[in-house]
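Each chain, written out:
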Amino acid sequence: LFFMAISLLTVFKSFGMIAFSIQLIDSSSMILYDSISTILVSLIIMISISRISKQIKKVLKNIERTNHTNTKPQIRRIFAIILVANLFFSLRIMIELALSVYLIMKIRGSYYNISNKYWSKYLLMNHSSEVVVLTLELLISTAIKTYDSQKISPRIIQSISPTSSSTISYYNISN
């Protein structure tokens, strides 16, 4: 399924590049074509990762029931990462939609060319959103992992069972 989606996207993007290279469409139409494809891909990815995260959550719940292990940290991490990813793709859709509307109006003759000021703002928003989402994904992944590993401290275990040294050493090794 993944390779089929990538192949379809490659064909779709190649069609746009070929149409532009043989001058079937101009640069504004090519940017519009790319913007619309980005919107479609972002929507498909949002739906796909939401579905996959639900399936992963079900699997982790089953593992928790059968193995009697705590999978809540993994579930929280997946939920946080999916939330940030969906926010990122929503932002991407809004940015690309604004550009698409502008380009459609320009092609119809309602507006002038995109000025350097607005194009620079578009590029800045586009690339800074990517940097922000990657930073947030890294922070979420490491912060939740660190929080969960520090949740059970050896002091708590000693206060629960101060006479059982094997229990204390077992938990120290697993942390």
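Since the structure is predicted, the reported quantities are computational estimates derived from the model, not experimental observations.

Colleague: So what about the overall build of the protein chain? Which residues, and what values?
Modeller: Along the protein chain, the regular secondary structure elements total six helices and zero strands. Start at the N end of the protein chain and walk to the C end: the helices and strands fall as α-α-α-α-α-α. Counting only residues that meet the buried cut, the protein chain has 27% of its 175 residues in that class. By sequence separation, contacts in the protein chain at least 24 residues apart represent 64% of the contacts at least 6 residues apart. With the model as given, the accessible surface of the protein chain reaches about 12800 Å², and the carbon-plus-sulfur share is 69%.

Colleague: Mind laying out helix α3 (residues 72-107), listing which residues take part and the relevant values?
Modeller: Taking 1.5 Å per residue, 36 residues should reach 52 Å; α3 reaches 51 Å between its end C-alpha atoms and fits that length. Just downstream of α3, glycine 109 is the residue with a positive phi angle, here 95 degrees.

Colleague: Describe the nonpolar core, with residues and values.
Modeller: Nonpolar side chains tend toward joint burial in soluble globular proteins. Ile39, Met46, Ala80, Val84, Ala85, Phe88, Phe89, Ile93, Val133 and Ile140 together form the largest nonpolar core, which totals 10 residues. Elements with a contribution of two residues or more to this core: α2 (27-67), α3 and α4 (116-149). The greatest single-element share of this core, amounting to six residues, is contributed by α3. With residues near it in sequence (within four places) discarded, isoleucine 39 still touches Ile93, Glu96, Leu97 and Ser100.

Colleague: Run through unusual backbone geometry, naming residues and quoting values.
Modeller: Of note, the phi angle at glutamine 23 is positive, near 60 degrees, even though the residue is not glycine. Locating glutamine 23 in the fold gives a position in the loop between α1 (2-21) and α2. Classification of glutamine 23 as exposed rests on a relative accessible area of 71%. Here histidine 68, not a glycine, exhibits a phi torsion of approximately 55 degrees, which is positive. In this structure, histidine 68 sits in the loop between α2 and α3. What makes histidine 68 exposed here is its relative accessible area of 71%.

Colleague: Give me a nonpolar patch on the surface: which residues, what numbers.
Modeller: Together, Ile36, Leu40, Leu43 and Ile44 line one region of the surface with nonpolar side chains, adding up to about 350 Å² of accessible area. For leucine 40, the location among the structural elements is in helix α2. Judged by its relative accessible area of 45%, leucine 40 is partly exposed.

Colleague: Give a description of the packing of aromatic side chains that names residues and reports values.
Modeller: Tallying each qualifying case throughout the model produces three aromatic pairs. Aromatic pair phenylalanine 12 and tyrosine 33: ring centres 4.7 Å apart, planes at 20 degrees, arrangement stacked. With phenylalanine 12 in helix α1 and tyrosine 33 in helix α2, the pair connects residues that are 21 residues apart, well separated along the chain. With relative accessibility at 32%, the residue phenylalanine 12 sits in the partly exposed group. Looking at tyrosine 33, the relative accessible area reads 18%, which means it is buried. Site record: aromatic cluster; members linked through ring pairs are Phe12, Phe15 and Tyr33.

Rules of the game
Residues numbered from 1 in each chain as written. Predicted model: local features only at pLDDT ≥ 70, side-chain atom pairs only at ≥ 80, totals over all residues. Heavy atoms only, no water. Helix = DSSP H or I, 4+ residues; strand = E, 2+ residues; numbered from the N terminus. Buried < 20%, exposed > 50% of the residue type's maximum accessible area, 1.4 Å probe, protein only. Contact = heavy atoms within 4.5 Å. Areas by Shrake-Rupley, 256 points an atom, 1.4 Å probe, with all protein chains shown as cover. Expected span 1.5 Å × (residues − 1). Core = buried A, V, L, I, M, F, W, Y, C linked by side-chain atoms within 4.5 Å. Patch = residues over 30% accessible without salt bridge, like charges linked within 9 Å, V, L, I, M, F, W, Y side chains within 5 Å. Salt bridge = Lys/Arg side-chain N within 4 Å of Asp/Glu carboxyl O. Phe/Tyr/Trp six-rings, centres within 6.5 Å; stacked < 30°, edge-to-face > 60°.

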